[in-house]
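Descriptive analysis of the structure
What follows is each chain in one-letter form.
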Amino acid sequence: MGDDYVLGTGDQLLIRVWGSTSGETQATIDRSGEIAIPKLGTLRLAGMKASQAQAAVKALFNKFYKDIEVSVSLGKLRKITVFVVGQSRYPGSYQLNSQSTLTSGLFASGGPNASGSIRKVQLKRNGAVVSELDLYAFLGKGDKTADVRLQDGDVIFYPQAAGHMAFVGKVNAPGVFEIKNSQETVADFLNLAGGLPVVADPRRANIERLTPGKDQPRRVEDLTLDEAGLKKQIQNGWFLFHNIVKMGKIIF
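Residues numbered from 1 in each chain as written. Predicted model: local features only at pLDDT ≥ 70, side-chain atom pairs only at ≥ 80, totals over all residues. Heavy atoms only, no water.

Let's talk about helix 1 (residues 50-62)
Look at helix 1: 19 Å from first C-alpha to last across 13 residues, which is about the 18 Å you get at 1.5 Å a residue. Along helix 1, the positions that sit buried rather than exposed are Ala50, Ala53, Ala56, Val57, Leu60 and Phe61. Take helix 1 and look down its axis: the buried residues cluster within an arc of 140 degrees, on one side only. In the core, the buried residues of helix 1 are packed alongside strand 1 (12-19), strand 3 (34-37), strand 4 (41-44) and strand 5 (68-74). (Helix = DSSP H or I, 4+ residues; strand = E, 2+ residues; numbered from the N terminus. Expected span 1.5 Å × (residues − 1). Buried < 20%, exposed > 50% of the residue type's maximum accessible area, 1.4 Å probe, protein only. Arc of directions from axis to C-beta. Contact = heavy atoms within 4.5 Å.)

Listed below in structure tokens is the structure:
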């Protein structure tokens, strides 16, 4: 069991003892926060961390037996109810186990809809935002700092996405990417696209901008991938093309 897991009503404990006596039993924490152990009585465990449970159960056995060892592990976990709202693909309430985290709730609920954000997913608890998850950071970098454990009654909120851009052509992972804020640059999205393959020219790319309402809504311009070009801030609706390959021969 996780040492920082907090026990609560509905959690099941598997208790095994050996030494001067031996045996196994299962005990579920009831609504009063206690477990009942046959012949020994009750023990309050709700609110206690899992790392403390074994010592508490052993202390109870030591009142009746000498030279005894106790092992305590988690069995079935209690269920919690989490609400998913906002720009969710499948909004509603979800029953999850009590060790679920924010990403567990995201995957269980199917993620955002076409308008929703996966870069500013908010976890709300008692009316306050307790965590904001950027799924790109989690999937691309393994950053789990915002992936906090869920509690009963939590709300997962998908806000509207700020915008999208596409990076296509000679990049390692072409695709459409969500824009998190107006400070993100070409370099940021080039990293999201996996960088350039070795056969690609690292100096140049093209930007296609679509501006509805103008006489010429489509405009294409060259972009130099030098220090200044990489710091250029991305705008909603941009298409970055990198279709330029280095000249020369490939020697095997």
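Past the structure itself, the notes keep going.
Quick look at the packing of aromatic side chains
Here the structure, examined in full by the defined rule, presents two aromatic pairs. Taking the ring centre of Phe157 as reference, the NZ or CZ of Lys124 above it sits at 4.6 Å. (Phe/Tyr/Trp six-rings, centres within 6.5 Å; stacked < 30°, edge-to-face > 60°. Lys NZ or Arg CZ within 6 Å of the ring centre and 35° of its normal.)

A word on the sheet that holds strand 9 (residues 128-133)
With mixed pairing, five strands are arranged side by side in an open sheet as 7-6-10-8-9. Here the strands that pair on one side only, and so sit at the sheet edges, are strand 7 (92-97) and strand 9. Strand-to-strand twist across the sheet, computed as the mean angle between neighbouring axes with direction ignored, equals 30 degrees. (Pairing = 2+ DSSP bridges. Axes fitted to C-alpha atoms, helices over the stretch in contact; angles between N-to-C directions.)

Comments concerning the pairing of strand 4
In this structure, strand 3 lies alongside strand 4, joined through four bridges in antiparallel fashion. Note that in strand 4 the partner of Ile37 across the bridge is Gly41. With antiparallel pairing between neighbouring strands as the criterion, strand 3 and strand 4 make up a hairpin whose turn holds three residues, including Lys39 at a positive phi of roughly 75 degrees.

Things to note about the sheet that holds strand 1
Read from one edge to the other, the open sheet built from three strands follows the order 2-1-5, with strand pairing classed as antiparallel. Strands at the two margins of the open sheet, each flanked by one partner only, are strand 2 (23-28) and strand 5. Looking at each pair of strands side by side, their axes are set apart by 20 degrees on average, direction ignored. Pairing of strand 1 with strand 2, which is carried by six bridges, proceeds in the antiparallel orientation. The residue bridging Leu14 from the neighbouring strand is Gln26, located in strand 2. Of the strands in this sheet, strand 1 and strand 5 touch helix 1, which is tilted by about 145 degrees from strand 5.

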